[in-house]
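Here's the letter readout for the chains.
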Amino acid sequence: QVQLVESGGGLVQAGGSLRLSCAASGRSLSGYVMAWFRQAPGKERNWIASIKRNGVTTNYADSVKCRITISRDNARNTVYLQMNSLSPEDAAIYYCAAGDTITVFYTRPRDFRTWGQGTQVTVSS
């Protein structure tokens with residue numbers, strides 16, 4: 001079973017950028033579709049991006065696709081989420097997730113078997 005650890009969150013001013021990382025251990029990430037979700041206080045966990053095993057095909061939520069980029073480095077066993085033009089509405093806990101029997105078009109939390117513990121992103125106005 002793969003274990004996931006997110007990092008890179010923090011406090012950023014509105015309009016700023018952050019790059020989140022998700023490092024895997026236990027197994028190679030190359031066999032998994034990887035995704036990022038986020039959850040704001042009192043709200044559901046929402047999918048925002050996925051990337052195929054080979055790193056070529058990606059899928060983004062319409063609400064963020066102009067501002068974010070998901071990427072992966074299978075050699076480093078790490079997935080990234082670059083976020084630009086951040087606003088207070090982007091503040092949330094960001095989670096990475098791994099799915100081994102799905103495609104990049106699966107977006108429900110229950111589609112993903114393995115989760116990290118999350119990293120907090122706070123955006124000041």
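Refer to the structure printed above.
Rules behind the numbers
- Residues numbered from 1 in each chain as written.
- Predicted model: local features only at pLDDT ≥ 70, side-chain atom pairs only at ≥ 80, totals over all residues.
- Heavy atoms only, no water.
- Helix = DSSP H or I, 4+ residues; strand = E, 2+ residues; numbered from the N terminus.
- Contact = heavy atoms within 4.5 Å.
- Pairing = 2+ DSSP bridges.
- Axes fitted to C-alpha atoms, helices over the stretch in contact; angles between N-to-C directions.
- Buried < 20%, exposed > 50% of the residue type's maximum accessible area, 1.4 Å probe, protein only.
- Polar contact = N/O pair within 3.5 Å; in protein donor to acceptor, adjacent residues only side chain to side chain.
- Phe/Tyr/Trp six-rings, centres within 6.5 Å; stacked < 30°, edge-to-face > 60°.
- Lys NZ or Arg CZ within 6 Å of the ring centre and 35° of its normal.

**Quick look at the environment of S25**
In step 1: Note that S25 resides in strand 3 (residues 18-25).
In step 2: Placed 22 residues apart in sequence, S25 and Q3 show a C-alpha to C-alpha distance of 5.2 Å.
In step 3: With residues near it in sequence (within four places) discarded, S25 still touches Q1, V2, Q3 and N77.

**Here's the deal with the sheet that holds strand 1 (residues 3-7)**
In step 1: Reading across the sheet, the four strands line up as 1-3-8-7 and stay open at both edges, with antiparallel pairing between neighbours. The sheet is open, and its two edges are formed by strand 1 and strand 7 (68-73), each paired on a single side. Mean inter-strand twist for the sheet, computed between neighbouring axes without regard to direction, equals 15 degrees.
In step 2: Bridge analysis of strand 3 against strand 8 (residues 78-83) gives six bridges, and the strand direction is antiparallel. Residue pairing across strands places L20 opposite L81, the latter belonging to strand 8.

**Digging into unusual backbone geometry**
In step 1: Phi is positive for N77, close to 55 degrees, though the residue is something other than glycine.
In step 2: Inspection of the secondary structure puts N77 in the loop between strand 7 and strand 8.
In step 3: According to the relative accessible area criterion, N77 is buried, its value standing at 15%.
In step 4: Residue S85 is not a glycine yet carries a positive backbone phi of 50 degrees.
In step 5: Looking at the secondary structure, you find S85 in the loop between strand 8 and strand 9 (92-99).

**Side note on the side chain of T78**
In step 1: Mapping T78 onto the fold places it in strand 8.
In step 2: At 2.9 Å, the side chain of T78 and the backbone oxygen of R76 are in polar contact.
In step 3: Ignoring sequence-local partners within four residues, the contact set of T78 consists of S21, C22, A23, L29, R72 and D73.

**Topic: the packing of aromatic side chains**
In step 1: Throughout the structure, instances matching the rule amount to four aromatic pairs.
In step 2: Pairing F37 with F112 gives two aromatic rings, centres 5.3 Å apart and planes at 80 degrees, and the pair type is edge-to-face. Placement of F37 in strand 4 (residues 33-39) and of F112 in the loop between strand 9 and strand 10 (114-115) is noted, with a sequence separation of 75 residues between them.
In step 3: You can call F112 buried: its relative accessible area is 4%.
In step 4: On the numbers, 6.4 Å between centres and 70 degrees between planes, the contact of F112 with W115 is edge-to-face.
In step 5: Taking the relative accessible area as the measure of exposure, W115 reaches 24% and is therefore partly exposed.
In step 6: One aromatic cluster is present, formed by F37, Y95, F112 and W115 through successive ring pairs.
In step 7: Positioned over the ring face of Y95 is R45, at 3.6 Å from the centre of the ring.
In step 8: For R45, the ring lying beneath its charged end belongs to W115, and the centroid distance is 4.8 Å.

**Looking at the pairing of strand 8**
In step 1: Across the six residues of strand 8, five count as buried, placing the element largely inside the fold.
In step 2: Judged from the six bridges that link them, strand 7 and strand 8 form a sheet pairing that is antiparallel. Bridge assignment links I70 to a residue of strand 8, and that residue is L81.
In step 3: Counting the residues that bridge the hairpin from strand 7 to strand 8 gives four residues, and of these N77 lies at a positive phi of roughly 55 degrees.

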